[in-house]
Amino acid sequence: MNAESQRLKVARSVYLGREGAPTAGDRWFSLYLIAFVTGFYIVPLAYVIGDFLDEGFAFGITSGGSLPFATAGLALLGLGALWGGRLQGPAFLTPFLAHTLLATGISRRRVLVRPTISAVTGAALVVCAVAAVGLFALTHAGVWGWERFWLLVLAALLGGLHLGLLAFLGQRLGTGWLVVVSAVILFFGALGLLVPAGFAASPFGWAAALWTGESSWLAAALALTAAAGLVLLVAEPSALGRLPAARVLRQSRRFSDARLFSSTGNINDAVELFRARPSHRLHRRAVTTGPALLSGLRQDLVGAVRSPVSTLSAVVLVPSGAALLAAISPAISASFADSRLLVSVPGGLLGALLLFFGTGSLTEGWRQMKNEFDAAALFGWSASAAFARRLLWPVLGTAVLSVLGAVAVVVLSGPEGVGWKSVGWSLSLAAVVLAARFFQSMRNRDVPVEFLAPTVIPGGMDLSAVKILVWLGDGIILAMTGVLAAVVLPWELAPLMAVLGALVMIALVWGWARTGQRFFARSPRIRHG
Amino acid sequence: MTSTVECRRLAVSLNGSLLLPETTFTATAPGLIALTGSNGTGKTTLLKTLAGRQLPSAGECLIDGEAPYEFAPAFRASVASLIDTPPMARDMTLLEQLALVQVSWGSDEGTAFRAAEDLLNQLTIPELGERFPYELSAGQLQLFAVALTLSRPFGFLLLDEPERHLDTDRVQVLLGLLESRVQSGALVITATHRAEIVERAEQTIHLERPSEPE
């Protein structure tokens, strides 16, 4: 062992021996917990799902017809990994280790290679585990044999490694190259979706072909590509050596700060750390006089242009969520015995989540409005005018992007597909999600003090953490519950619309009540002027 | 315009802790009033009570004969305060934010931007006008917070240690601005630890640390 490795080993052992560091026992307990949950909950659940699936449906979602969608989905996953790595890549050290080790003469490659490989492998295992549950259910339903199951599990593991590598690329590359790689991934995704046999042009298509069993040689191609990626990660350490230390330090500090904010219930500040900073564009264009609706719309529009990455997240996530909700619409009101619910329920929940997170950048104005309300009086308009100013941008943005996503599904699914009614369905659920976002945006920044007190239930368990989690995620819970209820309950159209409308109104009124403002109070300007 | 602030035997307690001991004073506009006392004597609590953001536990405070109520339009039109951080938009430049405050009170766009530029000039930070809040240092952020508060019209101004993070020269600039507002007829009450502000104030309200219960 050379001197550099020895120094690194000593530094790591000092850090691992710190007060409060996880012990070997803690790690074994975590492994035991994972094995316990897998054995007693996940495997039986996958088994039941397999029993529940009818063969015709299971064969349908793994048939050649789903190949374009699988290719596009995998490409989107790759794009997510790439940009996820930009926010927090796998080359990660705690702030203490990052400051201590990156400032020494020990080569950066040597310092980062172990945590990077650990993170990439961990991510691959998570991807593999999630995929294995679905694959187990499908295998149990008789879609394919156990040999194919193991092949697909292996492919999921190697695919997970690929995603980890893409996350590393996102962390390593400059913005220009990142855009180029994103464009290439998007191109492959679109090619697989729109051009027959276009799937064969990229590893995303090869993985999708493996899923649908379109071409057996592609399995080998995919495995070779993924294995090459793994070799690349281990054998090409110079990429780590040239990773800018400032970027590693910034990500490390940000992650640590975000964890600290989250642990005290301050999600707003935790999320703020990951928001792209605005850039200097449209000099002095954000302010104008005129009707509240239009002057506020202009302010929000200028803000969106100044924060293109945030805006892009809305442009990607909102249509994706709406498209997912449109795609599952034929399964709405299906009976509980219908196996389509196995797709429509998780599909609906994922769609609601994508919509919820997508509306985050569109509702920056609502967060600013809440800050206005919480602070001492600064502006001369009434509370209702402040609300009107920040109303149009989120509503129009969500509506337009949702319609785009839903219409794309209608067009791509053809005349026998989901039908135009699904656009209305998608738009109605988007309204529920947006109202839930309003409800959450009007919440106070700090956890109510009374929530921190222990809530002990019979048996001695403290449920205070549950209360805090529910408080933190109330908007998400509301959005997901609304969508879930709409998906699984046997609705007729008219009562469904009435209930969704009521849900939107409740979220808006309750959200407003959280501000403590009187909606119909006069503007202070009237008196002053 | 606010003309008189009158507090009689005002006290504030929270969960059994005395935050502000019994305090009585009268202040009449125009004037610069310094609120002094060591840490924990209740300066911020008194300011919050005057701003209508904290209810008194005993006694009363009247502004022109009425109890402070922060949601009343007349009160909001008359009373400005810088106690906590004012709302700042992350995606608007300082000039735009100052102009937006002016526009909200009825100015046209051109007048609002000119007034915003004037204010930044008076605070000797004209070069910061095109920056975003995240591009400022702690001292610059404090100056911007002061600028935001001063950019709205008021008759009564409450400030909690506005000299925080400021160098000696900037404290003088701040004092000059406050005095100009007083000359326009305003009543300014500022909590402070700086001797130069106390020296130039017409009146000082000194708060003592609450005595421990026996």
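Everything numeric here is computed off the predicted structure, so don't read it as measured data. (Residues numbered from 1 in each chain as written. Chains lettered and ligands numbered in written order. Predicted model: local features only at pLDDT ≥ 70, side-chain atom pairs only at ≥ 80, totals over all residues. Heavy atoms only, no water.)

Trainee: Explain the overall build of chain A to me, please; I cannot follow it from the model alone.
Mentor: A tally of helices and strands in chain A yields 24 helices and 2 strands. Along the first, second and third principal axes, the C-alpha atoms of chain A reach 80 × 60 × 60 Å. When each of the 529 residues of chain A is scored for burial, the buried share is 43%. Taking as baseline every contact in chain A between residues at least 6 positions apart, the subset at least 24 positions apart corresponds to 77%. (Helix = DSSP H or I, 4+ residues; strand = E, 2+ residues; numbered from the N terminus. Buried < 20%, exposed > 50% of the residue type's maximum accessible area, 1.4 Å probe, protein only. Contact = heavy atoms within 4.5 Å.)

Trainee: Looking at this model, I keep getting lost on the overall build of chain B. Mind explaining?
Mentor: Helix and strand content of chain B: 7 helices and 8 strands. A compact globule built from 214 residues would reach a C-alpha radius of gyration of about 17 Å, and chain B, at 17 Å, matches this within 12%. By the burial criterion, 55% of the 214 residues in chain B qualify as buried. Counting only contacts in chain B whose residues sit at least 6 apart along the sequence, the fraction spanning at least 24 positions is 73%. Here chain B displays about 8,800 Å² of accessible surface, and carbon together with sulfur accounts for 48% of that area. Averaging the coordinates of the 16 positive side-chain charges in chain B and doing the same for the 28 negative ones gives two points 2 Å apart. (Rg over C-alpha atoms; globule rule 2.2 N^0.38 Å. Areas by Shrake-Rupley, 256 points an atom, 1.4 Å probe, with all protein chains shown as cover. Lys, Arg positive; Asp, Glu negative; His and termini not counted. Charge placed at Lys NZ, Arg CZ, Asp CG, Glu CD.)

Trainee: I keep staring at the packing of helix α2 (residues 24-52) of chain A against helix α6 (residues 108-140) of chain A and nothing clicks. Help me out?
Mentor: Each packed pair of helices is defined by two parameters, the angle between the axes and the distance between the axes. All names here are of chain A. Between α2 and α6, the least distance of the axes is 7 Å, while the angle of their chain directions is 40°. When the axes of α2 and α6 are compared, the pair comes out oblique. Crossing hand, α2 versus α6: right-handed. Where α2 approaches α6, its residues I42, V43, A46, Y47, I49, G50 and D51 are matched on the opposing element by V133, F136, A137 and H140. In terms of residue class, the contact of α2 with α6 is made up of 8 nonpolar, 2 polar and 1 charged. (Axes fitted to C-alpha atoms, helices over the stretch in contact; angles between N-to-C directions. Parallel < 35°, antiparallel > 145°, perpendicular 65-115°, else oblique. Left-handed = near helix turned anticlockwise from the far one by under 90°. Nonpolar A, V, L, I, M, F, W, Y, C, P; charged D, E, K, R; others polar.)

Trainee: Help me out: how do you make sense of the nonpolar core in this one?
Mentor: General note: in soluble globular proteins, nonpolar side chains tend to be found buried as a group. Judged by nonpolar contacts, the single largest core of 62 residues is most densely connected at M369 of chain A together with L150 and L157 of chain B. Other than its neighbours up to four places away in sequence, L157 of chain B contacts A80, S81, T149, L150, L178, L187, V188 and I189 of chain B. Judged by nonpolar contacts, the second largest core, of 31 residues, contains V318, A436, V487 and V488 of chain A. (Core = buried A, V, L, I, M, F, W, Y, C linked by side-chain atoms within 4.5 Å.)

Trainee: Before we go on, may I ask you to explain the sheet that holds strand β8 (residues 203-206) of chain B in this structure?
Mentor: Within a sheet, neighbouring strands are paired by backbone hydrogen bonds and run either parallel or antiparallel to one another. All names here are of chain B. A sheet is described by the order of its strands in space; here 5 strands give the open sequence β5-β6-β7-β3-β8, paired in parallel fashion. Both outer strands of the open sheet, β5 (79-82) and β8, are each paired with one neighbouring strand and no more. Taking the axes of each pair of neighbouring strands and ignoring which way they run, one obtains an average angle of 15° across the sheet. Where strand β3 (residues 31-36) and strand β7 (residues 187-191) come together, 5 bridges link them in parallel fashion. Residue pairing in the sheet places A34 in a bridge with T190 of β7. (Pairing = 2+ DSSP bridges.)

Trainee: What's the story with unusual backbone geometry in this structure? I'm lost.
Mentor: Excluding glycine, a negative phi dihedral is what most residues carry, and trans is how most peptide bonds are arranged. All names here are of chain B. For the bond from A29 to P30, the omega torsion is -5°, close enough to zero to count as cis. Its place among the elements puts P30 in the loop between β2 (17-28) and β3. Residues other than glycine seldom take positive phi values, yet R9 does so here, at roughly 50°. Examined against the element boundaries, R9 turns out to sit in strand β1 (residues 4-14). Using a relative accessible area of 54% as the deciding quantity, one classes R9 as exposed.

Trainee: It is not clear to me how the pattern of salt bridges should be interpreted in this structure. Could you clarify?
Mentor: Note that side chains of opposite charge can pair when their charged atoms are close. For the structure on display, the rule yields 17 salt bridges over all chains. Two residues, E272 of chain A and R90 of chain B, come together in a salt bridge whose shortest N-O distance is 2.7 Å. Of this pair, E272 of chain A sits in helix α13 (residues 267-272) while R90 of chain B is found in the loop between β5 and α3 (94-104), placing the two residues in two different chains. Residue R284 of chain A is joined to E130 of chain B by a salt bridge in which the shortest nitrogen-to-oxygen separation is 3.2 Å. Residue R284 of chain A is found in the loop between α13 and α14 (292-306), and its partner E130 of chain B is found in the loop between α4 (109-122) and α5 (138-150); the two belong to separate chains. Here the residues in one salt-bridge network are E272 and R275 of chain A together with R90 of chain B, joined through shared partners. (Salt bridge = Lys/Arg side-chain N within 4 Å of Asp/Glu carboxyl O.)

Trainee: Honestly, the state of the cysteines in this entry has me stumped. Any pointers?
Mentor: By definition, a disulfide links the sulfur atoms of two cysteine residues through a covalent bond. All names here are of chain B. Applying the stated rule across the entire model yields 1 disulfide over all chains. Here C7 pairs with C61 through a disulfide, and the sulfurs are 1.8 Å apart. In this structure the cystine formed by C7 and C61 twists about its S-S bond by roughly 65°; its chirality is therefore right-handed. Taken together, the residues C7 in strand β1 and C61 in strand β4 (residues 58-63) connect sequence positions 54 residues apart. (Disulfide = S-S within 2.5 Å.)

Trainee: What's the story with the packing of aromatic side chains in this structure? I'm lost.
Mentor: All names here are of chain A. For the structure shown, the criterion picks out 23 aromatic pairs over all chains. With 6.4 Å between their ring centres and 75° between their planes, F136 and F149 make a pair best called edge-to-face. On the criterion of sequence distance, the pair formed by F136 in helix α6 and F149 in helix α7 (residues 146-172) is long-range, its members being 13 residues apart. A single burial state applies to F136 and to F149, both of which are buried. In this structure, R437 is placed above the aromatic ring of F356, and the distance from its NZ or CZ to the ring centre is 4.2 Å. Sitting above the plane of the F439 ring, R514 keeps its charged end 3.9 Å from the centroid. (Phe/Tyr/Trp six-rings, centres within 6.5 Å; stacked < 30°, edge-to-face > 60°. Lys NZ or Arg CZ within 6 Å of the ring centre and 35° of its normal.)

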